[in-house]
Amino acid sequence: MRKRFAKYWAYQVVGWGLFIFINAFFAYTFDKFNGNFIGRLVIFVGLGIVFSHMMRYAIIRSNVLMKPLQQQLIGFVVITSVFALAVGSLQSFLTYIFDLRSRQEQTFSETKIIISNTFSCFVYLFMWNCIYYIYHYIQKSQKQQVDTLKLEALVKELELKTIKAHINPHFIFNALNSIRALIDENPERARTAITELSNILRSSMHAEKLETVSFEKELNIIKDYLALEHIRFEDRLTVEYEIDEDTLDQPVPPMMLQTLVENAIKHGISKQMEGGTVKISSDFKDKYHELMVRNTGVLSHNLNGDGFGLASTQNRLQLMFGEKAHFQINEVEGMVEARIQIPVNVYA
C-alpha cells in the first residue's frame, strides 16, 4: 500500500512537473515569461495538485472504477465537472486577490472569467482522469492475467489430486464389490452401475480441461455417484434433491459440488451407525446461484487433514470470481451445511 502511494505521488510530481516545464517553455519562447505568468502558473498547479488528489479520493470512495463502463464514464464526467468548477472558481478568486489577471480578463465579467477558467480546468482534469483510468485499467488487466495464470497453475497442481480423489481406490473397490454382488442378484442394476462408474471416471478425467460446466451435467455426475454409494449404504443413505430447474443451465466449476458431496458421505454418513441424509439444493437467491450440500453429522475441524476438497473449493472460487463468490461450511439444525454462492451474471 505504501509503495503504491509513493508511486502515485511520483506520477503526480512528474506529471505536474512536465506541465510546468511545457508552459514555461512556451511562455519563454513567446516572451510571456514574467511575474504575472509565474503567479498564475503557481496558483493553477497548486490547485491542480490539491484538487486532483481530492478527486482521486472521490473516485475511490464512490467506487467508480468498479462500476459498468457506461456508469464509469458518467461518474468521471460528473466528478470532473464538479472539481473543475471548484478549481475554476478558486483560480478566478485568487488571481483577483493577487491582481494577476490579464488586461483582456479585466474587461470580462466575473461570471465569464469563472466559466472560462472552469472549461480549461475541466480539460486538464479530464485528461488527468483519463490517465488515471488507463493506468488502473492496465493494472486490472495485469491482475486478471496473473489470476488466470494462478488458476491454471492451481488446476495443474491439483490435477493429480483431483484424479486421485475421484478415482479413489477405496471408492472403486467398494463400487466394484457392490457391482459384483449385483451381477447374479440384479444384472440390469449391475449394468447400470457400471455405466454410472464409467461416467464418474470419464468426468474426472475431463475435469481439469474445463473451466465451467452446466450445473445439469454436474448434477448428473453427482446422481451417478450417489446411486453407486446407495448400493453400498442401502437404507442407511437417504438422498434428497431440491433443485430449481431454472438453475440447470447455470455454469459451475466442474467437480466442485461433487467434492462437497464426497465429503458429506466420507465425513458424515459413513460415520453414522444409523446412516443419514444428504440433501442437495440449487436455487437463485438475490443475484446469486446458491448451491447447498447438507448431510447428517457433526462438523469436524479436521476435514483438511484428509484431503484438499474444502481448501481447493475456496481457492477455485476466489481465483475464478474474486470476492464476488462465497463459500461457507457450518453446522445448522443438526446437519453439516456447505454453501456456495456464485453471482449469476458473472459470465454475462
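Because the structure is predicted, anything quoted here is derived from the model rather than measured.

Remarks on the overall build of the chain
Right, on to step 1. Regarding its fold elements, the chain presents 10 helices and 7 strands.
Right, on to step 2. Counting every position in the chain, which comprises 348 residues, the buried fraction comes to 38%.
Right, on to step 3. Counted over contacts in the chain with a minimum sequence separation of 6, partners at least 24 positions apart contribute 75%.
Right, on to step 4. Of the roughly 21,200 Å² of accessible surface on the chain, a fraction of 59% belongs to carbon and sulfur atoms.

Here we look at a negative patch on the surface
Right, on to step 1. Together, Asp184, Glu185, Glu234 and Asp235 make up a negatively charged patch on the protein surface.
Right, on to step 2. Considering the arrangement of structural elements, one finds glutamate 185 in helix H6 (residues 169–185).
Right, on to step 3. Here glutamate 185 falls in the exposed class, since its relative accessible area comes to 66%.

So, the confidence of the model for the chain
Close inspection of predicted coordinates is inappropriate in any region flagged by low pLDDT.
Right, on to step 1. For the chain, mean pLDDT is 83; residues scoring 70 or higher make up 88% of the total.
Right, on to step 2. Here H6 stands out as the element of the chain with the lowest mean pLDDT, 75, in contrast to strand S4 (residues 276–285), whose mean of 94 is the highest.
Right, on to step 3. Counted against residues more than four places away or in other chains, residues 304–308, with its pLDDT under 50, gives 8 contacts.

Re the environment of leucine 248
Right, on to step 1. Within the element layout of this structure, leucine 248 appears in the loop between strand S2 (237–243) and strand S3 (251–252).
Right, on to step 2. Along the sequence, leucine 248 and aspartate 283 sit 35 residues apart, while their C-alpha atoms lie 9.5 Å from each other.
Right, on to step 3. When sequence neighbours within four positions are dropped, the list of residues in contact with leucine 248 reads Ser214, Phe215, Glu216, Leu219 and Ile243.

A few points about the sheet that holds S4
Right, on to step 1. The 5 strands are arranged S2-S4-S5-S7-S6 in an open sheet whose pairing can be described as mixed. Only two strands of the sheet have a single neighbouring strand rather than two, namely S2 and strand S6 (326–332). On average, each strand axis in the sheet is inclined to that of its neighbour by 15 degrees, with strand direction left out of account.
Right, on to step 2. Alignment of S6 against strand S7 (residues 335–343), held across 7 bridges, turns out to be antiparallel. Opposite valine 332, over in S7, you have methionine 335 as the bridge partner.
Right, on to step 3. Strands in contact with helix H9 (residues 256–267) are S2, S4, strand S5 (288–296), S6 and S7; relative to S5, the strand with the most contacts, it is inclined by about 15 degrees.

Some words on the layout of surface pockets
Right, on to step 1. Computed from the structure, the second largest pocket encloses a volume of approximately 860 Å³.
Right, on to step 2. Taken together, 24 residues make up the lining of the second largest pocket; nearest its centre are Asn23, Phe37, Arg40, Gln91 and Glu105.
Right, on to step 3. Partitioning the lining of the second largest pocket into residue classes produces 11 nonpolar, 9 polar and 4 charged.

Let's talk about the packing of aromatic side chains
Right, on to step 1. Applying the stated criterion across every chain, the model contains 15 aromatic pairs.
Right, on to step 2. Geometrically, the ring pair formed by phenylalanine 33 and phenylalanine 37 is tilted, given 5.7 Å between the ring centres and 45 degrees between the ring planes.
Right, on to step 3. Note on phenylalanine 33: relative accessible area 42%, which makes it partly exposed.
Right, on to step 4. Take phenylalanine 37: its relative accessible area is 17%, and that puts it in the buried class.

Some points on the packing of helix H1 (residues 2–29) against helix H2 (residues 35–61)
Right, on to step 1. The N-to-C vectors of H1 and H2 enclose an angle of 155 degrees; their axes lie 11 Å apart at closest approach. Between H1 and H2, the angle is such that the two are roughly antiparallel. For the pair H1 and H2, the crossing hand works out as right-handed. Counting all contacts with H1, which are made through Phe5, Tyr8, Trp9, Gln12, Trp16, Phe19, Ile20, Asn23, Ala24 and Ala27, the residues of H2 involved are Phe37, Leu41, Phe44, Val45, Gly48, Ile49, Ser52, His53 and Arg56.
Right, on to step 2. Taken together, the residues that form the contact of H1 with H2 break down as 13 nonpolar, 5 polar and 1 charged.

A few points about the nonpolar core
Right, on to step 1. Leu257, Leu260, Ile265, Val278, Leu317 and Ile340 are the most contacted members of the largest nonpolar core, which has 40 residues in total.
Right, on to step 2. Broken down by secondary-structure element, the contributors of at least two residues to this core are H6, helix H7 (187–206), helix H8 (215–233), H9, S4, S5, helix H10 (309–321) and S7.
Right, on to step 3. Here this core gets 9 residues from one element, more than from any other, and that element is H8.
Right, on to step 4. Not counting residues within four places of it along the chain, the set of residues in contact with leucine 260 comprises Val293, Leu310, Thr313, Phe327, Ala338 and Ile340.
Right, on to step 5. In this structure, Trp16, Phe44, Leu47 and Leu125 belong to the second largest nonpolar core, which totals 24 residues.

Notes on the packing of H2 against helix H3 (residues 69–97)
Right, on to step 1. Viewed as axis vectors pointing N to C, H2 and H3 meet at an angle of 150 degrees, and their least axial separation amounts to 10 Å. Relative to H3, the element H2 is oriented roughly antiparallel. Judged by the twist between their axes, the crossing of H2 over H3 is right-handed. On the side of H2, the interface is formed by Arg40, Ile43, Phe44, Leu47, Phe51, Met54, Met55, Ala58 and Ile59, while H3 contributes Phe76, Ile79, Thr80, Phe83, Ala86, Val87, Leu90, Gln91, Leu94 and Thr95.
Right, on to step 2. When grouped by side-chain class, the residues that make up the contact of H2 with H3 number 15 nonpolar, 3 polar and 1 charged.

Examining H2
Right, on to step 1. The end-to-end C-alpha distance of H2, which contains 27 residues, comes to 39 Å, matching closely the 39 Å that a straight helix rising 1.5 Å per residue would cover.
Right, on to step 2. Where H2 starts, the residue carrying a side-chain oxygen 3.2 Å from the main-chain nitrogen of asparagine 36 turns out to be asparagine 34.
Right, on to step 3. Just downstream of H2 lies asparagine 63, where phi reads positive at about 55 degrees.

Rules behind the numbers
- Residues numbered from 1 in each chain as written.
- Predicted model: local features only at pLDDT ≥ 70, side-chain atom pairs only at ≥ 80, totals over all residues.
- Heavy atoms only, no water.
- Helix = DSSP H or I, 4+ residues; strand = E, 2+ residues; numbered from the N terminus.
- Buried < 20%, exposed > 50% of the residue type's maximum accessible area, 1.4 Å probe, protein only.
- Contact = heavy atoms within 4.5 Å.
- Areas by Shrake-Rupley, 256 points an atom, 1.4 Å probe, with all protein chains shown as cover.
- Patch = residues over 30% accessible without salt bridge, like charges linked within 9 Å, V, L, I, M, F, W, Y side chains within 5 Å.
- Salt bridge = Lys/Arg side-chain N within 4 Å of Asp/Glu carboxyl O.
- Lys, Arg positive; Asp, Glu negative; His and termini not counted.
- Charge placed at Lys NZ, Arg CZ, Asp CG, Glu CD.
- pLDDT = per-residue confidence, 0-100.
- Pairing = 2+ DSSP bridges.
- Axes fitted to C-alpha atoms, helices over the stretch in contact; angles between N-to-C directions.
- 1 Å grid on protein atoms, 1.4 Å probe; cavity = no way out; pocket = protein on both sides within 12 Å on 5 of 7 lines; lining within 4 Å.
- Points joined across faces, edges and corners; volume = space filled by probe spheres on them.
- Nonpolar A, V, L, I, M, F, W, Y, C, P; charged D, E, K, R; others polar.
- Phe/Tyr/Trp six-rings, centres within 6.5 Å; stacked < 30°, edge-to-face > 60°.
- Parallel < 35°, antiparallel > 145°, perpendicular 65-115°, else oblique.
- Left-handed = near helix turned anticlockwise from the far one by under 90°.
- Core = buried A, V, L, I, M, F, W, Y, C linked by side-chain atoms within 4.5 Å.
- Expected span 1.5 Å × (residues − 1).
- Polar contact = N/O pair within 3.5 Å; in protein donor to acceptor, adjacent residues only side chain to side chain.

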